[in-house]
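Below are the chains, spelled out letter by letter.
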Amino acid sequence: MRIGIAGTGAMADALGGQWARVGHDVLVGGRDTGRSAALAGRIGGRAGSLRDVVEHGEDAVLLAVPYAVAADVVSGLSDTLAGRTLIDCTNPVGPGFLLETGGGPSAAERIAAAAPGAHVVKAFNLCHESVWRLTPPVFDGRPLAVPLCGDDASALETVRRLVHDLGCRPLDGGGLERAALLEATAAFLIGLWVGQGADAQAIAPPLEYSGVV
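This text gives an overview of the structure that appears in the document. On a predicted model such as this, the values are computed, not experimentally measured, just so you know. (Residues numbered from 1 in each chain as written. Predicted model: local features only at pLDDT ≥ 70, side-chain atom pairs only at ≥ 80, totals over all residues. Heavy atoms only, no water.)

### Some thoughts on the pattern of salt bridges
Spelled out, the test is: Any Lys or Arg side-chain nitrogen found within 4 Å of a carboxyl oxygen on Asp or Glu counts as a salt bridge. Secondary structure elements are taken from DSSP: a helix is a run of H or I of four residues or more, a strand is a run of E of two residues or more, and numbering for both begins at the N terminus. Residue exposure (1.4 Å probe, protein chains only): buried if accessible area is under 20% of the type maximum, exposed if over 50%, otherwise partly exposed.
Under the definition given, this model contains 10 salt bridges. With a shortest N-O distance of 3.0 Å, Asp 25 and Arg 46 are connected by a salt bridge. Here Arg 46 lies in strand E3 (residues 46–48) and Asp 25 lies in strand E2 (residues 25–29), a separation of 21 residues in the sequence. Overall, Asp 25 belongs to the partly exposed group, its relative accessible area being 28%. Notably, a salt bridge pairs Arg 133 with Glu 129, separated by 2.6 Å at the nearest N-O pair. When salt bridges with common partners are traced through the structure, they connect Arg 2, Asp 25, Arg 46 and Glu 58 into a single cluster.

In structure tokens:
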């Protein structure tokens, strides 16, 4: 696939590196050309401007920038993003591990509103970048599950393939209107992990004890 990655931070490095490793054509870009070139060199991709990223990402564009600037970044690229699969891995988590989106639209919905022609899929926001560097992320013999929220069937299928390429298992999280639940889950888990050093995985029983089987 031709994948564009907007951003030069840890998530861009981790996910971009994994996708480049399995043979995808990855181009990374950000506002700092030096950081873009350095990241491209580390992961075996190519570097360009943010607009180059979107033009290159015919199959998918990963939005890996801080939530605070995410809507502004995509708004400036909205014409080029039309028809593109746009993967949102941002987390709008502020002080006290509270959602910066409050009771309003989710981060994913705000990003979709800023680039109305893009097919936004919320994914990859529940784990620290170190998890995405694992090859593969398997724990006690169980591959990591990655929930996806989105409205476009083709975009969701593309992201499912990218999840499989990481050695993970995609889960259907519903439409983009459910992205708020996924973002709230991230805020809650980060609060347990970082705020308390708790084993957050222990809050959920095995499926056979869930009452649904």
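That shown, we press on.
### Digging into the nonpolar core
Note on soluble globular proteins: their nonpolar side chains tend to be buried together. Applied cut-off: Buried residues of nine kinds, namely Ala, Val, Leu, Ile, Met, Phe, Trp, Tyr and Cys, make up a nonpolar core once their side-chain atoms join them within 4.5 Å. We call two residues in contact when some of their heavy atoms are within 4.5 Å.
Membership of the largest hydrophobic core comes to 35 residues, with the highest contact counts inside it found for Trp 19, Phe 124 and Trp 132. At the level of secondary structure, the elements contributing two or more residues to this core comprise strand E1 (2–6), helix H1 (10–21), E2, helix H2 (33–43), strand E4 (60–63), helix H7 (129–132), strand E11 (145–150) and helix H8 (153–165). For Trp 132, the contacting residues outside a window of four places in its chain are Met 11, Ala 14, Leu 15, Gln 18, Phe 124, Cys 127, Leu 144, Val 146, Leu 166 and Cys 168. Val 54, Leu 81, Ala 108 and Leu 176 belong to the second largest nonpolar core, which has 27 residues in total.

### Considering the side chain of Asp 13
The test is simple: We call two N or O atoms a polar contact when they sit within 3.5 Å, provided that within protein one can donate a hydrogen and the other can accept it, with sequence-adjacent residues counted only if both atoms are side-chain atoms.
Mapped onto the elements, Asp 13 comes out in helix H1. Reaching out from Asp 13, the side chain makes a polar contact with the side chain of Arg 133 at a distance of 3.4 Å. Setting aside chain neighbours within four positions, we find Asp 13 in contact with Leu 39, Arg 42, Ile 43 and Arg 133.

### Some words on unusual backbone geometry
The peptide bond linking Thr 135 to Pro 136 adopts the cis configuration, its omega dihedral lying at 0°. You can see Pro 136 is positioned in the loop between H7 and strand E9 (138–139). The residue Phe 124 is not glycine, and still its phi comes out positive at about 65°. Phe 124 sits in the buried class, given a relative accessible area of 2%.

### Let's talk about helix H4 (residues 67–75)
Note the cut-off: Directions drawn from the helix axis to the C-beta atoms are what define this arc.
Taken residue by residue, H4 has Tyr 67, Ala 70, Val 73 and Val 74 as its buried positions. Along the long axis of H4, the arc covered by the buried residues comes to 95°, so they all point the same way. Away from the buried face of H4 by more than 90 degrees, exposed residues Ala 68 and Asp 72 are located.

### A short note on the packing of aromatic side chains
The test is simple: Any two of the Phe, Tyr and Trp rings considered here, Trp counted by its six-membered ring, make a pair once their centres fall within 6.5 Å; the pair's planes then place it as stacked at under 30 degrees, edge-to-face at over 60, or tilted in between.
Applying the stated rule across the entire model yields two aromatic pairs. Ring geometry for Trp 19 versus Phe 124: centroids 5.7 Å apart, planes at 70°, classification edge-to-face. Taken together, the residues span a long stretch of sequence, with Trp 19 in helix H1 and Phe 124 in the loop between strand E8 (119–122) and H7 at a distance of 105 residues. Phe 124 carries the same exposure label as Trp 19, and that label is buried. Consider the rings of Phe 124 and Trp 132, whose centres lie 5.3 Å apart with planes at 85°: the pair is edge-to-face. In this pair, the class of Phe 124 matches that of Trp 132, namely buried. Each residue in the set Trp 19, Phe 124 and Trp 132 is aromatic and connected to the rest through ring pairs, giving one cluster.

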